[in-house]
Amino acid sequence: MDAEDDIPRLNASALAALQDFYTDRDAHQKQFADLQAAAEEGFAANAAISMKQFGEDWQASQFWYTDATATTLAEQLLDGATADTHIAIISAPSVYVSMRALLQDDSKYPVKPQVKLLEFDDRFAVFKNDFVHYDYNEPVKLDAKLKGKFDRMICDPPFLNEDCQTKTALTARWMAKSWDELKFISCTGERMETLIHRLYGKAGVKTTTFLPEHTKGLSNEFWCYANFECKDWTYKDSK
């Protein structure tokens, strides 16, 4: 028997799928390298940045929102914002990228709020002025200047378990200017509903009718919880 007969071989369709994977990976790496270069030189005011430049890592529970969902959430956080408004985006980088794009429209947003992105993935450090490295396992190991600073906030904890959700809530409470006046959104799984109501109940958070969507879909049903109603959603139990 020829020794080469013992070497496992992929069929044509498997080889094609593998080639597509490497081609897609290389394209993402090239896009991100270009983004890093642009960041080093200073982004142009109208720089076109999208989440396509950041590949998802499913093992790190990275699932980007669709453009429509990210825009909706960003618009609600920006609605009525002033130069004195401080917005925290916790573990929701696609909302940050969408908000950054929206704020380029000076006719619609002539006044710019203060925005911070708290995120574990250091690729987003390309947004130097806004990025804050964040690990939910150390919920208040942050710059003291962030404490009690924010009056608007969105959280999308990376994992659907009580530990991750509770520690993220500790971060939110630590950063909030006022728990009673905070404009707050949390997007997470449907099975977290009871816990979300318990963690953020004093901030008036309820389940809404808005269903966030992700670019590659999710097997878990994903809900939006907030402490306000708007043109994009009402409370789920509203009559």
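Every value quoted in this text rests on a predicted model; they were computed, and no experiment measured them.

Visitor: Pulling in residues and values, what's your account of the packing of helix α2 (residues 67–78) against helix α3 (residues 93–102)?
Guide: In the contact formed by α2 and α3, the axes pass within 8 Å of each other and the chain directions differ by 65°. Judged by the angle between their axes, α2 and α3 are roughly perpendicular. Remark: the crossing between α2 and α3 carries right-handed chirality. Of the residues in α3, those in contact with Ala 70, Thr 71, Leu 73, Ala 74, Glu 75, Leu 77 and Leu 78 of α2 are Ser 94, Val 95, Ser 98, Met 99 and Leu 102.

Visitor: Any chance you could break down the nonpolar core for me, citing the residues and the numbers?
Guide: Core analysis: the biggest nonpolar cluster contains 35 residues, and Leu 73, Ile 89, Val 95, Met 99, Ile 185 and Trp 233 have the highest contact counts within it. Breaking this core down by element, the ones donating at least two residues are α2, β1 (86–90), α3, β2 (114–119), β5 (183–189) and β7 (222–226). If sequence neighbours within four positions are ignored, Ile 89 has contacts with Val 95, Tyr 96, Met 99, Val 115, Lys 116, Leu 117, Leu 118 and Ile 154. Grouped together as the second largest cluster of nonpolar side chains are 29 residues, Ala 88, Leu 142, Ala 176 and Tyr 225 included.

Visitor: I'd love a proper account of the pairing of β1, names of residues and values included.
Guide: Counting buried positions along β1 yields five of five residues, so the element is predominantly enclosed. Here β1 shows two buried faces, one formed by His 86, Ala 88 and Ile 90 and the other by Ile 87 and Ile 89. Looking at chain direction, β1 and β2 are connected through five bridges and run parallel. Of the residues in β2, the one forming a bridge with Ile 90 is Leu 118. Regarding topology, α3 serves as the crossover connection from β1 to the parallel β2, and that connection is right-handed. Two elements, β1 and strand β4 (residues 152–155), share four bridges in a ladder whose sense is parallel. By the bridge assignment, Ala 88 is partnered in β4 with Met 153.

Visitor: Which residues make up the pattern of salt bridges, and what are the values?
Guide: One pass over the full model with this rule turns up eight salt bridges. With a shortest N-O distance of 3.6 Å, Lys 141 and Glu 138 are connected by a salt bridge. By relative accessible area, Glu 138 is classed as partly exposed at 38%. Residues Lys 167 and Asp 163 are paired through a salt bridge, measuring 3.2 Å at the closest nitrogen-oxygen approach. Of this pair, Lys 167 and Asp 163 are both found in helix α4 (residues 162–175), four residues apart, which corresponds to roughly one turn of the helix. Overall, Asp 163 belongs to the partly exposed group, its relative accessible area being 38%.

Visitor: So, the environment of Leu 78: which residues are in play, and what are the values?
Guide: Mapped onto the elements, Leu 78 comes out in helix α2. For the pair Leu 78 and Arg 152, spaced 74 residues apart in the sequence, the C-alpha separation amounts to 8.8 Å. With near-sequence residues (within four places) excluded, Leu 78 lies in contact with Ile 87, Met 99, Leu 102, Leu 103, Tyr 109, Pro 113 and Arg 152.

So, how was this worked out
- Residues numbered from 1 in each chain as written.
- Predicted model: local features only at pLDDT ≥ 70, side-chain atom pairs only at ≥ 80, totals over all residues.
- Heavy atoms only, no water.
- Axes fitted to C-alpha atoms, helices over the stretch in contact; angles between N-to-C directions.
- Helix = DSSP H or I, 4+ residues; strand = E, 2+ residues; numbered from the N terminus.
- Parallel < 35°, antiparallel > 145°, perpendicular 65-115°, else oblique.
- Left-handed = near helix turned anticlockwise from the far one by under 90°.
- Contact = heavy atoms within 4.5 Å.
- Core = buried A, V, L, I, M, F, W, Y, C linked by side-chain atoms within 4.5 Å.
- Buried < 20%, exposed > 50% of the residue type's maximum accessible area, 1.4 Å probe, protein only.
- Pairing = 2+ DSSP bridges.
- Right-handed = clockwise from strand over helix to strand, strands pointing away.
- Salt bridge = Lys/Arg side-chain N within 4 Å of Asp/Glu carboxyl O.

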